[in-house]
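# Observations on chain architecture
Spelled out, the chains give:
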Amino acid sequence: MTNYYHVLGLSEDATPNEIKAAFKKLAVKYHPDKHPNKPEMEEKFKEINVAHQILSDEYEKARFDLKLKYQQFSGSQEGAYTYQPGNPNVWKNRARARYAQPRVDYRQNAIATAYAFGITFLIALFVMTGVWVKQNYDDNQLEKRLAERRTTYVKAKDHFEAGDYKKAFEMMTSLSFFRTEERDMKAFKNTMLDQIVTKGNQEFRSGNYLKAISLYELVQEFAPNLPFYELRQKLAEAYKRTDQPDKAIDILKDFLVGEYEIIGSLVKIAEIQRDELNNLEEALDHLLIAHRLAIKRYKTYYGEGYALVINEKYLPKSHFYLYTNLADLYLQLADYEMALKAADWNKYVWPDSAVSYLTSANTYLAMNDNYNACIEFSGARDRNWKGDTPSYCK
């Protein structure tokens, strides 16, 4: 049996945080995108992913630990016991006891039977009385516990309505399971997370990013194993807008490991590296990885002649942002030829977008090619761009 602790390089008493940290480190190290055309790395990545899924789930981890301990115990106990067969001849030479028919005393037998019935009746009466007393006691205790649980529920609702969501959730979690007569309590607990997410989304849309972050983080604390991909996307954006780029990047890297919105996540990491951390080279590395993945997908779906049939309506918006950012970044790095190529690709696939024409115009200006710059500015104006153009273009 595979020891998933050893797969992650951990001991069998590793904590959840150590498991998560080891998984992140190994997943980044063995990710297939870093080792193209190396199937052994892809298999290693899959094995690491399976190990993390087992050990990060409390139920699956408990089952695995039990199997592992049983395997270790079975190995240590093998050969510890030896069966010693008995001697089949032990009883052969023993004399058989002589059986004698006893005499029956019917009077004594009747008296004994009466005593037996009487004692049985008294025992039954005693047991039934005890059961009745116990049942009444249990009913009273149940009624008392139900009243206490109802009080906890009412207090939790008060905390929730007052905005103390953490306290409310902790109180409702302490109630564990719910009885049939507690359907309203169960329904309240089941909708708590949805209500917090809704409030967080309202704060996010209103631009109250710090408040949205506090609500989103509560949801992740209460239910760490639920995916909540859309929520985590908004959390990453909120971190970005509140000058917490490292936290935003951590979330987006988790998406890469989980293979969720890979191209979009790479583009957002590149934007943070460029805009918040001023790390243009690192930003370019992430955009080029996204570019290679995009080309691979184009060839998979459309074949080698993808450029002849590709259309904006078949592509997600993240691909537009990929090449818009790529063109802009090449311009900032003074690689004008690549900036024009990325912008031209965007103009080909998304012909109605003015931003690519502006990137081309600024690239030509940087190259002191005013003639072509004016042509590109004209293309941007034809696509409803309202900005100012150089005087020599008018």
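How each quantity is defined
- Residues numbered from 1 in each chain as written.
- Predicted model: local features only at pLDDT ≥ 70, side-chain atom pairs only at ≥ 80, totals over all residues.
- Heavy atoms only, no water.
- Helix = DSSP H or I, 4+ residues; strand = E, 2+ residues; numbered from the N terminus.
- Buried < 20%, exposed > 50% of the residue type's maximum accessible area, 1.4 Å probe, protein only.
- Contact = heavy atoms within 4.5 Å.
- Areas by Shrake-Rupley, 256 points an atom, 1.4 Å probe, with all protein chains shown as cover.
- Salt bridge = Lys/Arg side-chain N within 4 Å of Asp/Glu carboxyl O.
- Axes fitted to C-alpha atoms, helices over the stretch in contact; angles between N-to-C directions.
- Parallel < 35°, antiparallel > 145°, perpendicular 65-115°, else oblique.
- Left-handed = near helix turned anticlockwise from the far one by under 90°.
- Nonpolar A, V, L, I, M, F, W, Y, C, P; charged D, E, K, R; others polar.
- 1 Å grid on protein atoms, 1.4 Å probe; cavity = no way out; pocket = protein on both sides within 12 Å on 5 of 7 lines; lining within 4 Å.
- Points joined across faces, edges and corners; volume = space filled by probe spheres on them.
- Expected span 1.5 Å × (residues − 1).
- Core = buried A, V, L, I, M, F, W, Y, C linked by side-chain atoms within 4.5 Å.
- Patch = residues over 30% accessible without salt bridge, like charges linked within 9 Å, V, L, I, M, F, W, Y side chains within 5 Å.

## Structural notes on the overall build of the protein
A count of helices and strands for the protein gives 17 helices and zero strands. Across the 394 residues of the protein, 35% fall into the buried class. Long-range pairs, those at least 24 residues apart, make up 54% of the contacts in the protein between residues at least 6 apart in sequence. Per element, the accessible surface of the protein, about 26000 Å² overall, is 53% carbon and sulfur.

## Looking at the pattern of salt bridges
For the structure on display, the rule yields 18 salt bridges. Notably, a salt bridge pairs Asp184 with Arg150, separated by 2.6 Å at the nearest N-O pair. Pair noted here: Asp184 is in helix H7 (residues 183-205) and Arg150 is in helix H5 (residues 106-161), with a separation of 34 residues, a long-range link. We classify Asp184 as partly exposed; its relative accessible area is 35%. Several salt bridges converge on common partners, so that one network encompasses Lys24, Arg232 and Asp254.

## A word on the packing of helix H14 (residues 317-332) against helix H16 (residues 355-366)
Describing two packed helices takes the angle between their axes plus the distance from one axis to the other. The interhelical angle for the contact between H14 and H16, taken along N-to-C directions, is 10°, at an axis separation of 10 Å. Overall, the two elements H14 and H16 adopt an arrangement that is roughly parallel. Considering only the axes of H14 and H16, their crossing is left-handed. The segment H14 lies against H16, with Phe320, Thr324, Ala327, Asp328 and Leu331 engaging Val355, Thr359, Asn362, Thr363 and Ala366. For the contact of H14 with H16, a count of residues per class yields five nonpolar, four polar and one charged.

## Describing empty space enclosed by the protein
One pass over the full model with this rule turns up one cavity of 30 Å³ or more. Empty space within the largest cavity amounts to approximately 60 Å³. In terms of lining, the largest cavity is formed by Gln233, Ala236, Glu237, Lys240, Ala248, Leu252, Lys268 and Ile272. Going through the elements one at a time, helix H9 (229-241), helix H10 (245-257) and helix H11 (262-275) are the ones with two or more residues in the lining of the largest cavity. In terms of residue count, the dominant contributor to the lining of the largest cavity is H9 (four residues). Taken together, the residues that form the lining of the largest cavity break down as four nonpolar, one polar and three charged.

## As for the side chain of His319
Summarising the element assignment, His319 is placed in helix H14. If we skip the residues at most four places from it in the chain, His319 touches Ile263, Ala294, Tyr298 and Trp350.

## Structural notes on H7
With 23 residues, H7 extends 33 Å between its outermost C-alpha atoms, agreeing within 8% with the 33 Å of an ideal straight helix rising 1.5 Å per residue. Along H7, the residues classified as buried are Met185, Phe188, Met192, Leu193, Ile196, Val197, Gly200, Asn201 and Phe204. Where H7 ends, the next residue or the one after it, Gly207, has phi of about 85°, a positive value.

## Brief notes about the nonpolar core
In terms of nonpolar packing, the biggest core is built from 70 residues, with Met172, Tyr298, Leu322 and Tyr323 touching the most fellow members. Of the residues forming this core, the biggest block, nine residues, is contributed by helix H12 (residues 280-302). Other than its neighbours up to four places away in sequence, Met172 contacts Tyr153, Ala156, Phe178, Met185, Phe188, Lys189 and Met192.

## Structural notes on the layout of surface pockets
Approximately 560 Å³ is the volume attributed to the second largest pocket. Where the lining of the second largest pocket is concerned, the elements lending two or more residues are helix H3 (39-56) and H12. Ranked by the residues each element gives to the lining of the second largest pocket, the list is headed by H12, at seven residues. A per-class count over the lining of the second largest pocket returns seven nonpolar, four polar and seven charged.

## What about a nonpolar patch on the surface?
There is a patch of nonpolar side chains on the surface, built from Ile111, Tyr115, Ile119, Ile123, Phe126, Val127 and Val131 and spanning about 730 Å² of accessible area. Here Ile111 lies in helix H5. Given a relative accessible area of 33%, Ile111 falls into the partly exposed group.

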